[in-house]
Amino acid sequence: MGALLAELIPPNDGERWSAVDARMRQLGYAPDALIEVLHTVQETFGYLGTEALAAVSAALGVPLSRVYGVATFYSFFTLAPHGRHTCVVCTGTACHISGASAILAAVEAEARLRPGETAADGSLSLLTTRCPGTCSLAPVVILDGDVEGKLAPAAVVGWLRAL
Amino acid sequence: MSATARVCQAASCLSLHSDRVLQALTERVADAGLADVTVKRVGCLGLCAAGPLVDLPERGRLLANVQPDDLGEVVEALRDGPRAAPAPQAPFFSRQVRVVTENSGRVDPEDIDDYRAHRGYEALATALGLMTPAQVIDEVVRSGLRGRGGAGYPTGLKWATVAKATGAIKYVICNADEGDPGAFMDRSVLESDPHRVLEGMAIAGYAVGASEGTIYCRAEYPLAAARIQTAIGQAERAGLLGPRIADTPFGFSVQLRLGAGAYVCGEETALIASIEGGRGTPRPRPPYPAVSGLRAQPTLINNVETFASVAPIIRNGGDWYASIGTATSKGTKVFALAGRVVNTGLVEVPMGTTLREIVYDIGGGIVGGRPCKAVQTGGPSGGCIPSEHLDTPVDYESLAALGSIMGSGGMVVMDDETCMVDLAKYFMDFCRDESCGKCLPCRVGTAQLHMLLTRICEGEASLADLRQLEALCDMVQRTSLCGLGQNAPNPVFSTLRFFRDEYLEHIEERRCPAGVCPVPSPAVAR
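Described in the following lines is the structure provided in the data block. These numbers were taken from a predicted model, which means no experiment stands behind them.

A few points about the overall build of chain B
Each helix and strand counted, chain B has 21 helices and 13 strands in total. Relative to the 2.2 N^0.38 estimate, which gives 24 Å for 526 residues, the radius of gyration of chain B is 24 Å and therefore close to what a compact globule would have. Seen along its three principal axes, the alpha-carbon backbone of chain B occupies a region of about 75 × 60 × 40 Å. When each of the 526 residues of chain B is scored for burial, the buried share is 61%. The long-range fraction of contacts in chain B, counting pairs at least 24 apart against all pairs at least 6 apart in sequence, stands at 71%. Surface summary for chain B: the accessible area is close to 18,700 Å², and the carbon and sulfur share equals 51%. The positive charge centre, built from 50 side chains, and the negative charge centre, built from 60, are 4 Å apart in chain B.

Written as structure tokens, this is what we have:
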């Protein structure tokens, strides 16, 4: 790990950082590998923290403003950690005409969250996506990473209550 | 007699736990002592609505909704041997012509040897060994292939332009940023037959003089990305990618880049900006990427389906490909059939097939026998074709004449329970969310258009709002920088053209005929 990087990161995260550094080394610390590196940071830490963005900026020689600009441009990246559970409601076309709005409304009411929000106790994040491409299963909800299809609002609410 | 059980391991069936079906069936076949039966991982079998699917080609049977704890029927069918007379193929399959998807559901997507056993990399060997780059381009020109990403630009012409361009290095980019909601053709091709895409890219690289290729795949498709990465490694080890391919001087490498959730990156200049590690914002063209693209070098960009069409064209000849389809739209097109149709899934048909054949013969009609209201093609950049035009042949010009576009192949079928104003609002909401913010007409225009559409849906609009909506659509279309903004008004134009009455009902009678919009009843409103 580079000396500069070692200075920037919290010492107790050293092990996880070595995974990120390995990826940056593999990509030759090239500035145009920024998005790949941010993917690795998010995979490793679950989100893109302020220290992480600063460390990546220093390691790749990309201004922090630009790193921040990229991190906030793409909807896949998140600057705050998600909850322990995630509920991602698909709002693609096939799901929209098959009742996605009713599912989203039911989940919003049950969890008292708006899309993009995480519960104060960190238990759940509610998110939306525009089509994972499994339209035959519409309406689709991705619960903790598992794609579940042909769901009624009550089934999703039931899952939330069982958490 | 030996037999194969092909178990779909593409995303839709996997979501229904077809991985457990594969594992359980492998164990059951071993337990039953069926030594001559092979249980095989394959890609998409097409009829996603009935997954998890298991295909028994030697038995002439396709088994639907197969559960890992209920495999008796599959095992019995495998034990029994062939039927006396195989059942005739359902129209879902018999009406399709498979060129791009010829291997889908047949080859193991993670096994290069299986791909090669199905004539894989034969076209690359032919191109490198027996053809000059100019002859390859000529064959693609003769095929009449047009870009399958949506715009339909002649592929051979694009290749010739890049071949003529000069630069220190040339690049080939495969656009796998399939962002239209309701479209999953490219996901399916990448998950089912990734080597076909690599082969097409390598042939393109040889034809235009490029030595480096990049596949830009959206991050929402982790399985497609993983299979492409596996395929790249296998092709490199087999000497089919990398330096001196097949002992010729031609070298070509491919790397995978992941998107990160930005619809605008499907636009080629935005995609290039994203590969370069920046925000995915488009820039004005010209210069076109063919002249100045990735790292300001000549760059060929085609989408997944276009590259996937190349190997069969080289293998069978451009004239063969041109014999399929219509006068101006050659070959086949893959569609992701979704929405309120019975047989949702992946279909490939000759250009010129009518929408009615796709919806009713292949698609099996509308769920619950309800009436078909419209077919949406082209996603947020496309339009809605009403049921009275279902006999329209699917080709670039016919769809454009109806105010829609071919698009990349998303086809969402709608019944009478869909409100067309709500649908227009839905797509405008999408474009507003996905506008990159670089140019004002798109950034502000889509927000204003969405506001006007919301007002109509909520029964709060006047006829002046409708006139404002049309005027603003016209301005956004004419003045936006890239295709996202230029095409964002299309769903509004298209629904206004065929479903103007629905808009007027919302405005004048404060009524949503489909019962979707939250319009307050006339007695309550004001």
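Quick word on the sheet that holds strand E11 (residues 372-377) of chain B
Residue and element names in this part refer to chain B. Overall, mixed pairing links the 5 strands, which are arranged E10-E9-E13-E11-E12 in an open sheet. Sheet topology places strand E10 (345-350) and strand E12 (383-386) at the edges, where each strand pairs with a single neighbour. Going from strand to strand, the sheet's axes swing by 30 degrees on average, the running direction of each strand aside. When strand E9 (residues 332-339) meets strand E13 (residues 410-415), the two strands line up parallel, connected through 4 bridges. Each bridged residue has a counterpart across the sheet, and for Ala338 the counterpart in E13 is Val412. This element, helix H9 (residues 185-192), spans E9, E10 and E13 of the sheet and lies at about 115 degrees to E9.

Regarding the sheet that holds strand E5 (residues 171-176) of chain B
Residues and elements named next belong to chain B. The strand order E7-E6-E5-E8 describes an open sheet built from 4 strands, whose pairing is parallel. Each edge of the open sheet is held by one strand with a lone partner, namely strand E7 (253-258) and strand E8 (299-303). Each adjacent strand pair in this sheet contributes to an overall mean axis angle of 20 degrees, direction not counted. With 6 bridges connecting them, strand E6 (residues 212-217) and E7 associate as parallel partners. The residue of E7 that forms the bridge with Ile215 is Leu256.

Here's the deal with the interface of chain B and chain A
Taken together, the contacts link 51 residues of chain B with 33 residues of chain A. The largest contributions to the chain B side of the interface with chain A come from Ala260(B), Arg279(B) and Tyr426(B), which together make up 18% of the buried area. On the surface where chain B and chain A come into contact, there are 5 salt bridges. Between Arg257(B) and Glu36(A) there is a salt bridge, with its nearest N and O atoms 3.7 Å apart.

What counts and how
Residues numbered from 1 in each chain as written. Chains lettered and ligands numbered in written order. Predicted model: local features only at pLDDT ≥ 70, side-chain atom pairs only at ≥ 80, totals over all residues. Heavy atoms only, no water. Helix = DSSP H or I, 4+ residues; strand = E, 2+ residues; numbered from the N terminus. Rg over C-alpha atoms; globule rule 2.2 N^0.38 Å. Buried < 20%, exposed > 50% of the residue type's maximum accessible area, 1.4 Å probe, protein only. Contact = heavy atoms within 4.5 Å. Areas by Shrake-Rupley, 256 points an atom, 1.4 Å probe, with all protein chains shown as cover. Lys, Arg positive; Asp, Glu negative; His and termini not counted. Charge placed at Lys NZ, Arg CZ, Asp CG, Glu CD. Pairing = 2+ DSSP bridges. Axes fitted to C-alpha atoms, helices over the stretch in contact; angles between N-to-C directions. Buried area = accessible area lost by both parts, 1.4 Å probe. Salt bridge = Lys/Arg side-chain N within 4 Å of Asp/Glu carboxyl O.

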